[in-house]
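Notes for the structure review
Spelled out, the chains give:
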Amino acid sequence: EKGGYDYFMLKEIAEQPQAIADTLLGRLSDRGEIVLDEVRLTDQDLRDIDKVFIVACGTAYHAGMVAKYAIEHWVRIPCEVELASEFRYRDPILDRSTLVIAISQSGETMDTLMAVRHAKEQKARVLAICNTNGSTIPRESDAVLYTHGGPEIAVASTKAFLTQLVATYLIGLHLAQIRGVMYADEVAAVVEKLRSTPDALRELLNSMEDVRALARDLKTASTVLFIGRHVGFPVALEGALKLKELAYMHAEGFAAGELKHGPIALIDEGTPVVCVVPSPAGRGVMRDKVVSNIQEVRARGARTIVIAEEGDEDVRAYADHLIPVPHTPTLLAPLMTTVPLQILACEIAAARGHDVDQPRNLAKSVTVE
Ligand code: M6R
């Protein structure tokens, strides 16, 4: 049932191109609008929204962080992301014009469900992004967009994450279109880019041998740090989370710009630092800033593992290990840059002799608060 793979996790990583394609399938109407599954919200409801809150836990929360960048950029309304476990205790300001997006693979995570209930009590509109048909969170929400990732068995979330990203991109584009911020052809252009990601991802998955070798090399590291900027920041957090939960190693993700405000003191001779570099196209300034952060950590002895776009030859000089990924527009880049980090964590865990699919102390779905 593992389809020839040693672990469900590796099978699910390999399924990601198909999972993305399936999540996109049939989601665009003839008029170029995004089709939601079960919608008890009208276009007018969505036009009336003046604020978005995303609530989620763990990996789904990282998808929400990426979504914030996309939604604010495309829709031009404020979007906050919150850990579901913190949301209701903070007494957030919610009303009819607030859209709460709950992201959950299982649809049963208690913290996220409680956040949904709190949002509904406050009359907010709730839209679920979920991978499990008929689960509790979509049942209690006003609308649902299902990620068609298929069952995810491994405790560590992989294909659910990428499909959650795709779902949030679709929602962002839909909101932008019905609110008149983007034209149908602009939306269709981004959807076209999304449609090309499965092929790019297949290409990337075929070039992961070096990452496997690197994993064997890193298995005795005492800590691994991850840095990124913009959408690369949640990718850094996701890379660190995967390593913690699978390899039981100390790992931390940082916004690259925060390094000099404290964390750079952690860098010692040989400390592995995984650096997620933005595309040189588009927002070149951001890419240059990350490159100077890489130089800073390297000057202090770090061993740099650099994830950068194919053809970005200049970064080679600062990379002890270079992991090239195919080009994607900036906001969509996490669909590529996350994947080597999933493989890295999986292979390090396997090299350390851990149960990759069932890490200690963890459950696939956390149904207690
Ligand atoms: O089912 P959910 O998406 O609500 O689960 C949320 C988290 O528990 C989950 O993403 C967890 O962080 C994963 N094990 C991470 O790989």
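Residues numbered from 1 in each chain as written. Predicted model: local features only at pLDDT ≥ 70, side-chain atom pairs only at ≥ 80, totals over all residues. Heavy atoms only, no water.

The condition that has to hold: UniProt positions are given in the numbering used here, feature names are shortened, and annotations may be inferred rather than shown by experiment.
Where an unreviewed UniProt entry is consulted, the chain appears under the name Glutamine--fructose-6-phosphate aminotransferase [isomerizing], with the organism given as Paractinoplanes deccanensis. Taken from UniProt, the Subunit (unreviewed entry) comment for the chain reads in full: "Homodimer." Per UniProt, the chain carries the Function (unreviewed entry) text "Catalyzes the first step in hexosamine metabolism, converting fructose-6P into glucosamine-6P using glutamine as a nitrogen source."

**Quick look at the site of the ligand**
Spelled out, the test is: For this purpose, a residue is taken to be near a molecule or strand whenever a single non-hydrogen atom of the residue falls within 4 Å of it. We define a polar contact as two N or O atoms separated by no more than 3.5 Å, with the added condition that, inside protein, one atom must be a possible hydrogen donor and the other a possible acceptor, whereas residues neighbouring each other in sequence contribute only through side-chain atom pairs. Each accessible area value is a Shrake-Rupley result obtained with a 1.4 Å probe; residue values ignore everything except the protein chains displayed when judging cover. Every helix listed is a DSSP run of H or I at least four residues long, and every strand listed is a run of E at least two residues long, numbered separately from the N terminus. Amino acids outside the nonpolar list (Ala, Val, Leu, Ile, Met, Phe, Trp, Tyr, Cys, Pro) and the charged list (Asp, Glu, Lys, Arg) are all regarded as polar, and Gly is one of them.
Near the ligand you find 13 residues, and of these S104, Q105, S106, T109 and E245 are the closest. Within the side chain of S104, a nitrogen or oxygen atom sits 2.6 Å from an oxygen atom of the ligand. Between the ligand and E245 there is a distance of 2.3 Å, counted from an oxygen atom to a side-chain nitrogen or oxygen. When the ligand is considered free in solution it has 410 Å² of accessible area, and contact with the protein chains removes 90% of it. Of all the elements in the fold, those that place two or more residues in the shell around the ligand are α4 (58-75) and α11 (232-247). A per-element tally of the shell around the ligand places α4 first, with three residues. When its residues are assigned to classes, the shell around the ligand shows four nonpolar, seven polar and two charged.

**Observations concerning the sheet that holds strand β8 (residues 250-255)**
Strand pairing in a sheet relies on backbone hydrogen bonds. The paired strands run either parallel or antiparallel. Condition: Strand pairing is assigned whenever DSSP identifies at least 2 bridges connecting the two strands. Simply put, an axis is a line fit to the C-alpha atoms, just over the touching stretch for a helix, and the angle between two N-to-C directions goes from 0 to 180 degrees. Throughout, a contact is declared for two residues whenever any of their heavy atoms are within 4.5 Å.
Strand order across the open sheet formed by five strands is β8-β7-β9-β10-β11, with parallel pairing between neighbours. The open sheet has two free edges, formed respectively by β8 and β11 (321-325), since each of these has just one partner strand. Geometrically, the sheet is characterised by an average inter-axis angle of 15° between neighbouring strands, direction not taken into account. Relative to the sheet, helix α10 (residues 209-218) contacts β9 (272-276), β10 (303-309) and β11, its axis offset from that of β10 by approximately 160°. Running over the sheet, helix α12 (residues 284-299) touches β7 (223-228), β9 and β10 and is turned about 165° from β10.

**Re unusual backbone geometry**
Rule in force here: The buried label goes to any residue with under 20% of its type's maximum accessible area, the exposed label to any with over 50%, and the partly exposed label to all in between, with areas taken from a 1.4 Å probe on protein chains only.
In the Ramachandran plot, R76 falls in the positive-phi region, its phi being about 60° despite a non-glycine side chain. Mapping R76 onto the fold places it in the loop between α4 and β3 (79-83). R76 gets classed as exposed once you look at its relative accessible area, which sits at 59%.

**Points about the pattern of salt bridges**
Note the following rule: We count a salt bridge whenever a side-chain nitrogen from Lys or Arg sits within 4 Å of a carboxyl oxygen from Asp or Glu.
Evaluation of the coordinates by the stated rule reveals 21 salt bridges. The partner of E15 in a salt bridge is K11, with the nearest N and O atoms 3.1 Å apart. Its relative accessible area of 25% is what places E15 among the partly exposed residues. Put simply, E15 and K159 hold a salt bridge, and the shortest N to O gap is 2.7 Å. Within this pair, whereas E15 is found in the loop between α1 (8-14) and α2 (16-24), its partner K159 is found in helix α8 (residues 159-178), the two being separated by 144 residues in sequence.

**Remarks on the packing of aromatic side chains**
Cut-off, in case you're wondering: In this scheme Phe, Tyr and Trp rings, the latter by its six-membered ring, pair at centre separations within 6.5 Å, and the angle between planes marks the pair as stacked below 30 degrees, edge-to-face above 60, and tilted otherwise. For a lysine, the NZ atom is tested; for an arginine, the CZ atom; a charge sits over a ring if that atom is within 6 Å of the ring centre and within 35 degrees of the ring normal.
The full count for this structure, using the stated rule, is two aromatic pairs. On the basis of an interplanar angle of 70° and a centroid distance of 5.6 Å, the ring pair of F53 and F87 is categorised as edge-to-face. Of this pair, F53 sits in strand β2 (residues 51-56) while F87 sits in helix α5 (residues 84-87); the two residues are 34 residues apart in sequence, bridging distant segments of the chain. F87 matches F53 in its accessibility class, with the two residues each being buried. Cation over ring: R360 sits above Y248, and NZ or CZ is 4.0 Å from the ring centre.

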